[in-house]
Amino acid sequence: MKRITIFTPTYNRAYCLHHCYESLKAQTSEDFIWLIVDDGSTDHTWELVEKWKEEDVIQIDYCWQPNKGMHGAHNTAYERIQTELNVCIDSDDYMPTDAVEKILSFWDDYGSEQVSGIIGLDADKHNKIIGTPLPQHVSQSTLFNLYHRYGVKGDKKLVYRTALTRKYNYPLFENENYVGLAYKYFMLDRDYEMLLMNQVLCHVEYLPDGSSYNMINQYRNNPKGFSFYRKELMQLPFASTAFKFRQAIHYVSSSMLSNNRSFLKETPVKTLTILAIPLGFLLFLYIKFRSTTTTMTSAQ
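Residues numbered from 1 in each chain as written. Predicted model: local features only at pLDDT ≥ 70, side-chain atom pairs only at ≥ 80, totals over all residues. Heavy atoms only, no water.

### Digging into the confidence of the model for the protein chain
The predicted model of the protein chain has a mean per-residue pLDDT of 93, with 94% of residues at 70 or higher. The low-confidence segment residues 293–300 (pLDDT under 50) makes one contact with residues lying over four places distant or belonging to another chain. (pLDDT = per-residue confidence, 0-100. Contact = heavy atoms within 4.5 Å.)

Here it is as structure tokens:
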């Protein structure tokens, strides 16, 4: 049994997936499985992966499913993974050649059932850290506190214990394909801290067809998913009132986008939600305007 699964959700990314594959072939440790969750691709992803499996250089587990969005692909991955640890490497990203070895060595030295996993660094293709490094004076923290107490910025690479990531499945909403992935992470934050590993574990590239570049459209097209996400964040016991108020604003906006007239009955924090209605309405108008402008510009 391998010790860690590197899982990659992918959708029509055959044109760039080879970067991830080449980096995994070059790993100094072979103690991993590469799980590819093909979320309904219609390109030649399957043929490409079959060719790689025939090369038999690394252990590859491939599964195809109808398109469910990134969170649906994560659900499938967590159901399928059997190794002790797992880490998600997106289809447009790749790992330094010693990343797996560093993760497993770090876990051997410091890992335990008292923590949920490891937080490492993301860097761009020029090895420049995304956002800020992790605090040097802290050895472990929740993901939430990392950003909201210690002021860390930018995407980070998360390595989790698989026994924990099977909890808190992302809900699927009809005709929608997005729920914030941080929902699961913040749920785990309620019970566990994570080890901080101030080393680059992944090189990332934000492509034009990625979700980071299309957040306005995600917001508009997935209001139920966003509403669910904001409701859960409003209930975090360690979050400040200011944080919860921001979530309430987004909750109001998403509820208006989905024409949910029962949002006041459904909110877990009614007073904050009432106070958030004016700003939530303005955000709703902004999203509608930006969406319309983007659609018109694309059509010209």
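### Remarks on the packing of helix 7 (residues 182–189) against helix 9 (residues 223–234)
For the pair helix 7 and helix 9, interaxial distance at closest approach is 10 Å and the crossing angle is 15°. It follows that helix 7 is roughly parallel to helix 9 by the angle criterion. For the pair helix 7 and helix 9, the crossing hand works out as left-handed. The segment helix 7 lies against helix 9, with Ala 182, Tyr 183, Phe 186 and Met 187 engaging Phe 228, Tyr 229, Glu 232 and Leu 233. (Axes fitted to C-alpha atoms, helices over the stretch in contact; angles between N-to-C directions. Helix = DSSP H or I, 4+ residues; strand = E, 2+ residues; numbered from the N terminus. Parallel < 35°, antiparallel > 145°, perpendicular 65-115°, else oblique. Left-handed = near helix turned anticlockwise from the far one by under 90°.)

### Comments concerning the pattern of salt bridges
Applying the stated criterion across every chain, the model contains six salt bridges. Its salt-bridge partner being Arg 13, residue Asp 92 comes within 3.5 Å of it at the nearest N-O pair. Note that Asp 92 is positioned in the loop between strand 4 (85–88) and helix 4 (99–110) and Arg 13 in the loop between strand 1 (4–10) and helix 1 (17–25), a separation of 79 residues in sequence. Overall, the relative accessible area of 13% leaves Asp 92 in the buried class. (Salt bridge = Lys/Arg side-chain N within 4 Å of Asp/Glu carboxyl O. Buried < 20%, exposed > 50% of the residue type's maximum accessible area, 1.4 Å probe, protein only.)

### Topic: the environment of Glu 50
Checked against the element boundaries, Glu 50 lands in helix 2 (residues 45–55). Taking the relative accessible area as the measure of exposure, Glu 50 reaches 25% and is therefore partly exposed.

### Observations regarding helix 2
All of the buried residues along helix 2 are Thr 45, Leu 48, Val 49 and Trp 52. The arc that holds every buried residue of helix 2, seen down its axis, measures 95°, which confines them to one face. Of the residues in helix 2, the exposed ones pointing more than 90 degrees away from the buried face are Lys 51 and Glu 54. Buried residues along helix 2 sit in contact with strand 1, helix 1, strand 2 (32–38) and strand 3 (59–64). Two residues or fewer past helix 2, Asp 56 is found with a positive phi of approximately 55°. (Arc of directions from axis to C-beta.)

### Digging into the packing of aromatic side chains
One pass over the full model with this rule turns up 16 aromatic pairs. For the ring pair Tyr 251 and Phe 263, a centre distance of 6.2 Å and an interplane angle of 70° mean the geometry is edge-to-face. Placement of the pair is Tyr 251 in helix 10 (residues 241–257) and Phe 263 in helix 11 (residues 263–266), with a sequence separation of twelve residues. As far as the burial class goes, Tyr 251 and Phe 263 line up, both buried. (Phe/Tyr/Trp six-rings, centres within 6.5 Å; stacked < 30°, edge-to-face > 60°.)

### What about the packing of helix 1 against helix 2?
For any two helices packed against each other, the geometry is given by the interaxial angle and the distance between the axes. Remark: helix 1 packs on helix 2, axes separated minimally by 12 Å, with the N-to-C direction vectors making an angle of 15°. On the basis of the axis angle, helix 1 is roughly parallel to helix 2. The handedness of the crossing between helix 1 and helix 2 is right-handed. Counting all contacts with helix 1, which are made through Leu 17, His 18, Tyr 21 and Lys 25, the residues of helix 2 involved are Thr 45, Val 49, Trp 52 and Glu 55.

### Focus on unusual backbone geometry
Even without being a glycine, Tyr 168 presents a positive backbone phi close to 60°. Of note, Tyr 168 is situated in the loop between helix 6 (162–165) and helix 7. For Asn 259, which is not glycine, the phi torsion reads 60° and is therefore positive. Among the structural elements, Asn 259 can be located in the loop between helix 10 and helix 11.

### What about the pairing of strand 1?
Most of strand 1 is tucked away: seven of the seven residues are buried. Taking every second residue as pointing to the same face, both faces of strand 1 are buried, with Ile 4, Ile 6, Thr 8 and Thr 10 on one and Thr 5, Phe 7 and Pro 9 on the other. Pairing between strand 1 and strand 2: seven bridges, direction parallel. Residue pairing across strands places Pro 9 opposite Val 37, the latter belonging to strand 2. Handedness of the crossover joining strand 1 and strand 2 through helix 1 is recorded here as right-handed. (Pairing = 2+ DSSP bridges. Right-handed = clockwise from strand over helix to strand, strands pointing away.)

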